[in-house]
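# Structure assessment
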Protein chains: 2
Amino acid sequence: MDTKPETKLEKNTYHHGDLRSSLVDAASNMLKEGGIDGLSLRKLADKVGVSRTAPYHHFKDKNELLCAIAEGGFSRWQQDATAIFNQHDLSPREKYRQFIQGYIAYAADNPELYDLMFGRTIWKQNTATQSLRDVAYPSFHQQVTMTRQWQQQGLMPAGEDTLRLAQVTWGTIHGIARLLIDGIYADRSHIDEMCDCAVNLFCSEH
Amino acid sequence: MDTKPETKLEKNTYHHGDLRSSLVDAASNMLKEGGIDGLSLRKLADKVGVSRTAPYHHFKDKNELLCAIAEGGFSRWQQDATAIFNQHDLSPREKYRQFIQGYIAYAADNPELYDLMFGRTIWKQNTATQSLRDVAYPSFHQQVTMTRQWQQQGLMPAGEDTLRLAQVTWGTIHGIARLLIDGIYADRSHIDEMCDCAVNLFCSEH
DNA sequence: CCAGCTATCTTGACAGCGTCAACATAAACT
DNA sequence: AGTTTATGTTGACGCTGTCAAGATAGCTGG
């Protein structure tokens, strides 16, 4: 035999030692390649070098694995987002522009991951893990919090109900992201112009 | 045997007679029930009363069947849309409000169909049938045409590039529709308020 | 130090899926 | 009437997710 995949610290033991995170890592790559449907638990197990059913000792089913992947996606996006928000010396309007540009860029760079994070596979079926919820819900809620702030800064119309405004503005960037990653708008080259257009519509005159 | 599904005009012949449209009909229902993944060609054939592979004489593969279903979805939406546009005695603003409300209502009433029509299954994989393209592309393009008209009517900002504006406004209603049918915004009860909010953002003062 | 418990990994099996190949039937055309 | 063509059938293959049962190894208590 001896055909096990070698890593630096390969122990080649019966027990893998760190299978769970290895699975999430490899699965994230597989997701990137072939999307949710292209992510096969059997191929995944094969890639990591364990038997078909080994993953089932770390994830109840495919859904739980997907939730784990999505969780990582939310964490990384949260980092990107706070990096944008923490920038100084930027007008609120410019900061908002960068935010939605960064949002769509994240989606465009990780289309399959975005589809997993904000797609129906997890949310429509209502199969989100608790730990995924713990990461995702704050991310959803942040959109409302930020919207309130933007209203207070005079960037967005104060007259509108904050929740509705957040839903519409997030809906917009989500919709643009989806049109992009779903292949309806093929070219990324116009993203910037679209973001500018959205900012013009949503934000009061500079 | 005699277990064939009976219809009024049941001929019980070897040849079905109208299998193709029967398949599309039954498949549309199945889609409504279980979504794209829940639509199984084998169950479908069983439901219609033919053998597993009979559908393959009418559709090259599952994708072609899906395209045929989507085609019907576009036709029906086109009817709804023109009905809205043909209304008289309505201000442009009110007409636009009814349009986006109707759009989202159509999506909410036919979530799985909408997912098929505007989802990645068909467009990302670039597997749309020619006849589907012939129905879908005009529908996409209409959004631009209407946007230009709305700009000329003074409803939407004339300064913005028409194509970008169309992309952003369509992106918005598409995004809201998706958030709704993907189970991220669970309740339909706030649709009207969201539409009002969107109209306020996009359209100049009445 | 060793017995036993538990976590982990294995092979075997099953039902469901889309789809190809080969064959059967009926209708349509020459 | 005879042949082609359209449409239906059964059989088979490889893929999928997942359950059940058995094997191994590491941990924990006596």
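Placed above this text is the structure.
Residues numbered from 1 in each chain as written. Chains lettered and ligands numbered in written order. Predicted model: local features only at pLDDT ≥ 70, side-chain atom pairs only at ≥ 80, totals over all residues. Heavy atoms only, no water.

Residue and element names in this part refer to chain A. Relative orientation of the contacting elements helix H7 (residues 130–152) and helix H8 (residues 162–181) amounts to 115°, with a least axis distance of 9 Å. In terms of axis orientation, H7 runs roughly perpendicular to H8. For the pair H7 and H8, the crossing hand works out as right-handed. Where H7 abuts H8, its residues Phe140, Gln143, Val144, Thr147, Arg148 and Gln151 lie against Thr162, Leu163, Leu165, Ala166, Thr169, Trp170 and Ile173. Its residues assigned to classes, the contact of H7 with H8 comprises seven nonpolar, five polar and one charged. (Axes fitted to C-alpha atoms, helices over the stretch in contact; angles between N-to-C directions. Helix = DSSP H or I, 4+ residues; strand = E, 2+ residues; numbered from the N terminus. Parallel < 35°, antiparallel > 145°, perpendicular 65-115°, else oblique. Left-handed = near helix turned anticlockwise from the far one by under 90°. Contact = heavy atoms within 4.5 Å. Nonpolar A, V, L, I, M, F, W, Y, C, P; charged D, E, K, R; others polar.)

For the match of chain B to chain A, the screw axis carries a shift of 0.0 Å, the RMSD comes to 0.0 Å, and the turn is 180°. As the rotation angle and translation indicate, the two copies are arranged about a two-fold axis. The share of interface residues of chain B whose copies in chain A are also at the interface is 100%, consistent with both copies meeting through the same surface. (Least-squares fit on C-alpha atoms with pLDDT ≥ 70 in both.)

Quick look at the side chain of Gln151 of chain B now. Residue and element names in this part refer to chain B. Residue placement: Gln151 occurs in helix H7 (residues 130–152). Taking the relative accessible area as the measure of exposure, Gln151 reaches 8% and is therefore buried. Separated by 3.0 Å, the side chain of Gln151 and the backbone oxygen of Pro157 make a polar contact. Polar side-chain contacts of Gln151 include one of 2.8 Å to the backbone oxygen of Glu160. Excluding its chain neighbours within four sequence positions, the residues that come into contact with Gln151 are Met156, Pro157, Ala158, Glu160, Thr162 and Leu165. (Buried < 20%, exposed > 50% of the residue type's maximum accessible area, 1.4 Å probe, protein only. Polar contact = N/O pair within 3.5 Å; in protein donor to acceptor, adjacent residues only side chain to side chain.)

Here we come to the protein's contact with DNA strand D. As a matter of local geometry, DNA strand D sits amid 23 residues, with Arg42 and Thr53 of chain A together with Ser51, His57 and His58 of chain B nearest to it. When the atoms of DNA strand D within 4 Å of the protein are sorted by group, sugar and phosphate make up 45%. Here Ser40 of chain A contributes a side-chain N or O atom positioned 3.0 Å from a phosphate oxygen of DNA strand D. With respect to DNA strand D, the side chain of Arg42 of chain A contributes an N or O atom lying 2.5 Å from a base nitrogen. The greatest single-element share of the surface near DNA strand D, amounting to three residues, is contributed by helix H2 (residues 41–48) of chain A. Across the surface near DNA strand D, the residue classes tally to eight nonpolar, nine polar and six charged. (Near = heavy atom within 4 Å.)

Taken by themselves, the reported measurements are silent on function.
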